[in-house]
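# Structure at a glance
If you want the building blocks of each chain, they are given just below.
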Amino acid sequence: MAYPRGSRAPLEFGGPLGAAALMVLLPATMFHLLLVARSGPARLLGPPPYLPGPDVLWSPRVLLLWLAWLGLQAALYLLPARKVAEGLELKDKSRLRYPINGFQALVLTALLVGLAVSAGLPLGALPEMLVPLAFAATLTAFIFSFLLYLKALGVPPSALAPGGTSGNPIYDFFLGRELNPRICSFDFKYFCELRPGLIGWVLINLALLMQEAELRGSPSLAMWLVNGFQLLYVGDALWHEEAVLTTMDITHDGFGFMLAFGDLAWVPFTYSLQAQFLLHHPQPLGLPMASAICLINALGYYIFRRANSQKNTFRKNPSDPRVAGLETIPTATGRQLLVSGWWGMVRHPNYLGDLIMALAWSLPCGVSHLLPYFYFLYFTALLVHREARDEQQCLQKYGLAWQEYCRRVPYRILPYVY
Ligand SMILES: NC(=O)C1=CN([C@@H]2O[C@H](COP(=O)(O)OP(=O)(O)OC[C@H]3O[C@@H](n4cnc5c(N)ncnc54)[C@H](OP(=O)(O)O)[C@@H]3O)[C@@H](O)[C@H]2O)C=CC1
Ligand SMILES: CC(C)=CCC[C@@H](C)[C@H]1CC=C2C3=C(CC[C@@]21C)[C@@]1(C)CC[C@H](O)C(C)(C)[C@@H]1CC3
């Protein structure tokens, strides 16, 4: 996005102070959740059961395991891909190329893990290592972001992200200076966004399911549901991998601590919170309730997928028969905005579907604790904030046409409410 000559992008996330606070608060929250999930009272707002010392956090063996995981995912990324996709046009008019082999990486990882488990790998032991693993991931994210910051000092201005060039080192370190840091064709941001964290998340879920089976004879229905729902979500993200190339993370945000920590540590260790909670706090779940929760997840997934696919199809080819009949608003950029169909209901129908799914992932954990609802609460805050950021970017891009869209589609996420 272009800003007037001589001016910089406005500061987000509360500027340098906000960025500094988030760099402490996000890891602290992640460790709090990991510790509280295994404690008896499991109180989201209570103190953690203990403060982990260096002997709990630090384990060279676990660090090696984590680096081996990153290495495996990097090797799978480098395998021949069924397709190579082009990203959006960059400031220098070039387009980057990205391998589309994320789903293949998921399947190959599943095969390798299956083989290793049948050869005796104790996957059920993984839940015991979550705290040192999360520490290794956090350490990696800090070191990696520092290296990315240094790398960005040597790139031309056209390679920098609009938001990460404030000149304040703390803020730029957090948001990320370089838009698409690469070594040869290996794209770090694209790799991290979809591979080690997302696939790691479902692997942690599976390990929790296996440990529950070891402890109680068989996994509970609640654990099956959480595993199934989240596997569907991750499988869907990797199946539609190409769509990530148009998200603001890839097209607008630099690759700094926010995304490095988010992708590598936050996603696997906090998004698996419901399964962590269920291992230590089994919840009875009858078939009627389980069926109702499946329906809620299916509704959320339907809205999420149809809305995302409708926009992606339209952006790829507005004359595609599946979208050609929809009403649109022309913009000065030559692109159009959909104003009927899913995108005529609210301005972010995909967020609505995602939030409904988030609720369905917590419901199997019952209503006795707030802790398993953390994801839903955090995700609501994240999407409301993300919506506001996207709104600013669209206003900048489309000007009057965006204002007209907002007039015709007044609600952002939830019809008649917000
Ligand atoms: N699980 C998680 O932690 C997270 C999940 N997500 C999910 O990721 C997905 C992608 O989200 P995100 O990248 O934030 O945003 P969107 O997929 O909603 O994309 C927003 C962009 O879509 C285009 N657009 C907006 N309105 C219209 C319209 N009416 N017609 C045509 N194009 C329009 C604009 O870009 P342009 O015009 O340039 O194409 C806008 O910038 C969502 O489903 C979200 O729920 C997101 C964040 C975290
Ligand atoms: C609080 C914090 C650490 C913020 C960083 C935010 C990141 C955790 C999220 C930013 C955008 C994301 C997306 C996904 C996961 C979470 C992060 C990285 C995503 C890969 C999940 C699966 C979806 O189908 C998706 C591919 C659309 C999505 C893209 C955005």
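Residues numbered from 1 in each chain as written. Chains lettered and ligands numbered in written order. Predicted model: local features only at pLDDT ≥ 70, side-chain atom pairs only at ≥ 80, totals over all residues. Heavy atoms only, no water.

### Let's talk about helix α13 (residues 287–316)
Rules: Put simply, DSSP marks the helices as runs of H or I at least four residues long and the strands as runs of E at least two long, and each gets a number from the N terminus on. Any helix carries an expected span of 1.5 Å times its number of residues minus one. Partly exposed describes any residue whose relative accessible area lies between the buried limit of under 20% and the exposed limit of over 50%, with all areas from a 1.4 Å probe on protein chains only and scaled to the type maximum. Note on contacts: a residue pair is in contact if any heavy atoms of the two residues lie within 4.5 Å.
Given a rise of 1.5 Å per residue, 30 residues ought to cover 44 Å, and the 42 Å separating the end C-alpha atoms of α13 matches this to within 8%. Those residues of α13 that fall on the buried side of the exposure criterion are A290, I293, N297, G300, I303, F304, R305, A307, N308, Q310, T313 and F314. Contact partners of the buried residues in α13: α9 (221–239), β5 (328–330), β6 (336–338) and α14 (349–362).

### Quick notes on the site of ligand 2
Just so we agree on the cut-off: Nearness of a residue to a molecule or strand requires only that one of the residue's heavy atoms be within 4 Å of it. For accessible areas, the Shrake-Rupley method is used with a probe of radius 1.4 Å. Any residue's cover is judged against the shown protein chains and nothing else. Three classes are used: nonpolar for Ala, Val, Leu, Ile, Met, Phe, Trp, Tyr, Cys and Pro, charged for Asp, Glu, Lys and Arg, and polar for all others, with Gly counted as polar.
Near ligand 2, the surroundings consist of 15 residues, among which E193, A237, D249, D263 and R386 are the closest. Look at ligand 2: alone it shows 630 Å² of surface, and the protein chains cover 86% of it. Looking at the shell around ligand 2, the elements with two or more residues in it are α7 (188–194), α9, α11 (257–270) and α15 (374–398). Looking at which element gives the most residues to the shell around ligand 2, the answer is α11, with 5 residues. For the shell around ligand 2, the per-class residue count stands at 10 nonpolar, 1 polar and 4 charged.

### Let's talk about the site of ligand 1
Selection criterion: What qualifies as a polar contact is a pair of N or O atoms within 3.5 Å, subject to a donor-acceptor requirement within protein and to the restriction that residues adjacent in sequence count only when both atoms come from side chains.
Around ligand 1 there are 26 residues in total, and Y271, Y351, D354, R386 and Y398 lie nearest to it. Contacts to ligand 1 include D354, whose side-chain N or O atom sits 2.5 Å from an oxygen atom. When residues of the shell around ligand 1 are traced back to their parent elements, those giving at least two are α13, β6, α14, α15 and α16 (400–408). The element best represented in the shell around ligand 1 is α15, accounting for 8 residues. A breakdown of the residues in the shell around ligand 1 according to their chemical character gives 15 nonpolar, 4 polar and 7 charged.

### Remarks on the environment of I296
Assignment of secondary structure puts I296 in helix α13. Placed 123 residues apart in sequence, I296 and F173 show a C-alpha to C-alpha distance of 39 Å. Other than its neighbours up to four places away in sequence, I296 contacts I356, A360 and L363.

### Section: the UniProt feature "transmembrane region" (unreviewed entry) in the protein
This is how the line gets drawn: UniProt positions are given in the numbering used here, feature names are shortened, and annotations may be inferred rather than shown by experiment.
Here the UniProt feature "transmembrane region" (unreviewed entry) sits at residues 12–37, 57–79, 100–123, 129–150, 255–273, 285–304 and 355–379. Secondary structure within residues 129–150 divides into 95% helix and 0% strand; the distance between the first and last C-alpha atoms comes to 32 Å. The distance separating the terminal C-alpha atoms of residues 255–273 is 25 Å; by composition the span is 79% helix and 0% strand.

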